Each structure stands twice: as structure tokens, then as C-alpha cells.
Amino acid sequence: MVVLAQPPVVDQIPLLRSPGPRDSFVGVPVVDLSRPGAARAIVDACERFGFFKVVGHGVPAATMDRAESEAVRFFAQAQGDKDRAGPAYPPFGYGSKRIGLNGDMGWLEYLLFAVDDAASIPDACAAPALRSALNEYIAAARGVAVRVLDAVAEGLDVAPRDALSGMVAAGTGSDQVFRVNHYPPCPALQGRGSGCTATGFGEHTDPQLVSVLRSNGTSGLQIALRDRDRDGAAQWVSVPSDRDAFFVNVGDSLQVLTNGRFKSVKHRVVTNSLKSRVSFIYFAGPPLAQRIAPLPQLLADGEESLYKEFTWGEYKKAAYKTRLGDNRLAQFEK
Ligand SMILES: C=C1C[C@]23C[C@@]1(O)CC[C@H]2[C@@]12CC[C@H](O)[C@@](C)(C(=O)O1)[C@H]2[C@@H]3C(=O)O
Ligand SMILES: O=C(O)CCC(=O)C(=O)O
Ligand SMILES: [Fe+2]
């Protein structure tokens, strides 16, 4: 008998049932930031999906294109050169296949950076052309996060209007993280049939307030709908890619600030057997000392917080001890 050995690393990456073409989800809410009514539309999308697409954002295509081509150039380097930009933990830099420190694996490589208050990544972490392209992109993504959080406050009628955006705006000491993910085609999937795919980035929620994502034209991102199916299973749907738009995820911290009115969206990335996906994600985290508790104006008379009191620093520390797919908020629920 001939036993075909698989490369061991692929063995460690969970395979998934591939969604069929009809799972491509046409219902992703689209918000035009340049139009009146955006604030209401954002609140509606956050309540229904914890996820939406942003158009009319005004970020120049050249900013996105330059960041993408510099990232593609970085990932095209020899493995040894990329490894010199790592490891991803600690503190930040290049990583491959291992996500976090607790045993999660995915079919990807990535750059992970802490972002300073001026929305820039540390000098030592990337070559000048890559660093300059990413810094320009990060400033633009932060701008989108600030506008989205202003709109959330407006749509929820919270005063002051910068009650949320003030936690990430320049000069506030916000705890921002930025990552560039590259999902190469997964050759091990070829010949396995269309029903099978591999985990690019396993299912999880993002711990921060919001995350602002942009990808090239390759699909792979999936979100779980809020309602489970009749058997109690998560309903995963594929998000059609759009390289000109941003996608916004509600994170765990915004779930708490709205006392569960918004829910952080569970999402994951599955690999494509033929095409590379490159994505950029800006994670808008508040300052470490920021208290994360429901905004008083969102609590009805007599309504209590669903969560124990904590600061972002405390939540982040606890989150980094968890596996990707864990329910990180559970230990903070009352
Ligand atoms: C497994 C992990 C990776 C992660 C830290 C964690 O222990 C749990 C949260 C993960 C996550 C998900 C969203 C972002 O990609 C991320 C940078 C974050 O803030 O929380 C990652 C963390 C990571 O990759 O370091
Ligand atoms: O790469 C993507 O498209 C999404 C990745 C993601 O969810 C994350 O990095 O937290
Ligand atoms: Fe995520």
C-alpha cells in the first residue's frame, strides 16, 4: 500500500466544509459615508449583523494601491528575508501560520504591528517604502474608524458625539494594532473537491471597539449571521470582496459599551485554492486605562450592565490568554 504523506504543517491547519456559491451573501449592509442617513444605517447594520461595508469614504485609491503593492512586494521575498522581519511575538513583526501564542494555526503569513499615537508603525519593523505606504494607509483607516464611531454616537443619540471616537482619535493614547494578512493559494486543497477548504484565519471576534478591513479582490472572508440555523449551528456566509470599499466589524468592546445592543461579529477567513488574498486590518482599541462599561445614555431606567467592570488593558490581557475561537467576553459577563 502506498501512503501519501502530507506536509506536516498542513495537517495542523483545520479543514472546513466549503460554502457553496449560493452562500455568497448579497445582504451585507452598504453604508455611504458621504450621504445623510449614514449614522442611522450604521446603527441598523451594527444591530443586525455587527458588520457592514463602507463606500463613499473618500480615501484615495492610490493610498490603498500603494499599501497593497508594497505588501505584495514584502510577501514575495525569500522566506529567510521575511523571517528577519519577525518573529510576530514579541513584540511585533512577521509571522507565519501561527496565530497568537496559544496554538492557533492558519494558512497565512502576516505582518502585525503596534501603532503609535501618530498612526505610525515602529521604524525598525519595516523597510522605509513599506513603512511609509502602511503609515499613510493606517492614518486613512483610523480616519474611517473615527467617522464610524462618531456616526454610531449620532445614530444612538449619545452626547457628546465624540464619546466613542474620542477613545481612538489622535492624541488620546489609543491602543491601535494593524495587521496585513497574506493567504497564499493552498495547493494541498487541489484535487480534494470543491466541498473542502482550509482555515486561513479561524473563527473569532475582534476584542477592540471596531476593526476596519480592506482586501484585494480575492474573497475568503465569512461572517456568522446573528441567528443560528434550526439545528443550532452557526450560519456562515461569504462576504463578496470589494477592493474599493472598507468592511467594519463590531468588536467585543463596542458590544459592552452598548450593553449588548450591538454584538461583536464572529468571522473567519477560508483559503482559496487558486488565488492569493491580501487584507489590511486596522484594530481601533481604546487607551489601556479606558473603562469599558455601557454608556449611561444607553441604559434604560433600572437597566443594569450585563458585564462586570473592566478596563481595556484588563480585557486585552485576558484576551491574549485565550484561543482564537473562545468566547472572550464570557468571563466578564455578570
Ligand atoms: C489567539 C489569539 C490571536 C489574537 C490574540 C489571541 O490570544 C486572541 C485574540 C486574537 C486577536 C483577534 C483579532 C486581531 O487579529 C488580533 C491582533 C487581536 O487583537 O486579537 C488577534 C490576536 C493576535 O493575533 O495576536
Ligand atoms: O484577513 C482577513 O480578511 C481577516 C482577518 C481577521 O479577522 C483578523 O486579522 O482579525
Ligand atoms: Fe478578525
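Every chain is numbered on its own, with residues counted from 1 as its sequence reads. Labels are handed out in written order, letters beginning with A for the chains and numbers beginning with 1 for the ligands. Under the rules for a predicted model, residues below a pLDDT of 70 receive no local features and side-chain atom pairs below 80 are neither given nor counted, while totals for whole chains, interfaces and linings still include all residues. Each side-chain value is derived from all of the structure's non-hydrogen atoms; neither hydrogens nor water enter the calculation.

Undergrad: Whenever I open this one, the site of ligand 2 confuses me. Can you help?
TA: When at least one non-hydrogen atom of a residue lies within 4 Å of a molecule or strand, that residue is treated as near it. Residues in close proximity to ligand 2 total 13 residues, the closest being Asn181, Tyr183, His267, Arg277 and Ser279. Pairs of N or O atoms within 3.5 Å make up the polar contacts considered here, provided that, within protein, one atom can donate a hydrogen while the other can accept it, and that residues adjacent in sequence are counted only when both atoms are side-chain atoms. Interatomic distance of 3.1 Å between a side-chain N/O atom of His204 and an oxygen atom of ligand 2. Within the side chain of Ser279, a nitrogen or oxygen atom sits 2.6 Å from an oxygen atom of ligand 2. Here ligand 2 has 290 Å² of accessible area as a free molecule, and 97% of this is covered by the chains. Strands here are runs of E lasting at least two residues and helices are runs of H or I lasting at least four, both read from the DSSP assignment and numbered beginning at the N terminus. Considering every element that reaches the shell around ligand 2, the biggest residue donor is strand β13 (residues 277-285), with 4 residues. Following the grouping adopted for this structure description, the nonpolar residues are Ala, Val, Leu, Ile, Met, Phe, Trp, Tyr, Cys and Pro, the charged ones are Asp, Glu, Lys and Arg, and the polar ones are all others, Gly among them. When grouped by side-chain class, the residues that make up the shell around ligand 2 number 6 nonpolar, 4 polar and 3 charged. What sets the accessible areas is the Shrake-Rupley method with a 1.4 Å probe; for residues, cover comes only from the shown protein chains.

Undergrad: Help me understand the site of ligand 1, please; the structure alone is not making it clear to me.
TA: The local shell around ligand 1 holds 18 residues, among which Tyr89, Arg179, Gln208, Tyr320 and Thr322 are the closest. Within the backbone of Ala319, an N or O atom sits 3.3 Å from an oxygen atom of ligand 1. Contact distances for ligand 1 include 2.9 Å between an oxygen atom and a backbone N or O atom of Thr322. Contact with the protein chains hides 99% of the accessible area of ligand 1, taken as 470 Å² for the molecule alone.

Undergrad: Any chance you could explain the coordination of the iron ion (ligand 3) here in plain terms?
TA: Ideal donor angles around a metal are set by the shape: a four-donor tetrahedron calls for 109.5 degrees, a six-donor octahedron for 90 or 180 degrees. Coordination here is defined by N, O and S atoms within 2.8 Å of the metal (3.2 Å for Na, K and Ca), and since water is not considered, a site can look incomplete. Every protein donor of the iron ion (ligand 3) is accounted for by His204 (NE2), Asp206 (OD) and His267 (NE2), and the metal-donor separations fall at 2.1 to 2.2 Å. In the primary sequence, the donor residues of the iron ion (ligand 3) line up as H-x1-D-x60-H. Of this pair, His204 sits in strand β7 (residues 196-204) while His267 sits in strand β12 (residues 267-270), placing them 63 residues apart in sequence. Under the scheme applied here, a residue whose accessible area is under 20% of the maximum for its type counts as buried, over 50% as exposed, and between as partly exposed, the area being computed with a 1.4 Å probe on protein chains only. Among the residues examined, His204 registers a relative accessible area of 8% and is labelled buried.

Undergrad: What am I meant to see in the packing of helix α2 (residues 38-48) against helix α5 (residues 128-155) here?
TA: Between two packed helices, what matters for the description is the angle formed by their axes and the separation of those axes. An axis is simply a line fitted to the C-alpha atoms; with a helix, the fit covers only the stretch in contact. Between two such axes, the angle follows the N-to-C directions and lies from 0 to 180 degrees. Running from N to C, α2 and α5 point in directions that differ by 90 degrees, and their axes come no closer than 8 Å. When the axis of α2 is compared with that of α5, the two are roughly perpendicular. Contact residues: Ala39, Arg40, Ile42 and Val43 in α2; Val148, Ala151, Val152, Glu154 and Gly155 in α5. For the contact of α2 with α5, the class distribution of residues is 6 nonpolar, 1 polar and 2 charged. Should an angle fall under 35 degrees it is called roughly parallel, over 145 degrees roughly antiparallel, and 65 to 115 degrees roughly perpendicular, with every other angle called oblique. Throughout, a contact is declared for two residues whenever any of their heavy atoms are within 4.5 Å.

Undergrad: What is the right way to look at the sheet that holds strand β1 (residues 15-17) in this model?
TA: Think of a sheet as strands paired side by side through backbone hydrogen bonds, with each pair either parallel or antiparallel. Pairing between strands requires that DSSP locate at least two bridges from one strand to the other. With antiparallel pairing, the 5 strands of this open sheet are ordered in space as β1-β7-β12-β9-β10. Strand pairing shows two members of the sheet lacking a second neighbour, β1 and β10 (236-238), which therefore form its edges. On average, each strand axis in the sheet is tilted by 45 degrees relative to the strand beside it, whichever way the strands run. Alignment of β1 against β7, held across 3 bridges, turns out to be antiparallel. The residue bridging Leu16 from the neighbouring strand is Thr197, located in β7.

Undergrad: Just to check I follow, could you spell out the packing of aromatic side chains for this structure?
TA: Aromatic ring pairs are reported here in terms of the distance separating the ring centres and the angle at which the planes meet. Aromatic pairing here means that ring centres of Phe, Tyr or Trp (its six-membered ring) are within 6.5 Å. Orientation follows from the plane angle: under 30 degrees is stacked, over 60 is edge-to-face, and everything else is tilted. Enumeration over the complete set of coordinates arrives at 12 aromatic pairs. When the ring of Phe310 is compared with that of Phe332, the centres are 4.6 Å apart and the planes differ by 55 degrees; the resulting orientation is tilted. Taken together, the residues span a long stretch of sequence, with Phe310 in strand β15 (residues 310-311) and Phe332 in the segment after α7 (312-319) at a distance of 22 residues. Here the two residues Phe310 and Phe332 agree in accessibility, since each one is buried. An aromatic cluster of three or more residues is present, and its members are Tyr137, Phe178, Phe246 and Phe280.

Undergrad: What am I meant to see in the nonpolar core here?
TA: In summary, soluble globular proteins display a tendency toward joint burial of nonpolar side chains. Buried Ala, Val, Leu, Ile, Met, Phe, Trp, Tyr and Cys residues form a nonpolar core when they are joined through side-chain atoms within 4.5 Å. Formed by 67 residues in total, the largest nonpolar core has its most connected members in Ile42, Phe52, Leu134, Phe178, Val180 and Phe280. Broken down by element, this core gets its largest block of residues, 13 residues, from α5.

Undergrad: Hey, could you run me through the side chain of Asn135 in this one?
TA: Within the secondary structure, Asn135 is located in helix α5. Residue Asn135 is classed as buried on the basis of its relative accessible area of 14%.

Undergrad: Honestly, α5 in this entry has me stumped. Any pointers?
TA: Helical geometry note: an α-helix holds 3.6 residues per turn, so side chains three or four residues apart project in the same direction. By this rule, a helix spans an expected 1.5 Å times one less than how many residues it contains. Along its 28 residues, α5 runs 40 Å from first to last C-alpha, staying within 8% of the 40 Å computed at 1.5 Å per residue. Asp157 sits one or two positions beyond α5 and adopts a positive phi of about 60 degrees.

Undergrad: It is not clear to me how the side chain of Thr197 should be interpreted in this structure. Could you clarify?
TA: As for its placement among the helices and strands, Thr197 is situated in strand β7. On the accessibility criterion, Thr197 (4% relative accessible area) is buried. Separated by 2.8 Å, the side chain of Thr197 and the backbone oxygen of Thr271 make a polar contact.

Undergrad: Help me out: how do you make sense of the pairing of strand β4 (residues 93-99) in this one?
TA: For a regular strand, side chains alternate in direction, first toward one face of the sheet and then toward the other. Bridge count for β4 against strand β5 (residues 104-115) is 6 bridges, and the pairing is antiparallel. Paired with Ser96 across the strands is Glu109, a residue of β5. Taken together, β4 and the strand that follows it, β5, pair antiparallel across an intervening segment of 4 residues, in which Gly100 is found at a positive phi of about 70 degrees.

Undergrad: Before we go on, may I ask you to explain the pairing of strand β11 (residues 246-250) in this structure?
TA: In terms of burial, β11 is a largely internal element, 5 of the 5 residues being buried. Burial along β11 is two-sided: the face carrying Phe246, Val248 and Val250 and the face carrying Phe247 and Asn249 are both buried. Relative to β11, strand β3 (residues 51-55) is paired through 4 bridges, and the arrangement is antiparallel. Residue Val54 lies in a different strand from β11, and its bridge partner there is Phe246. Bridge count between strand β8 (residues 210-215) and β11: 4 bridges; the pairing is antiparallel. Counterpart to Leu213 in the pairing with β11 is Phe247.

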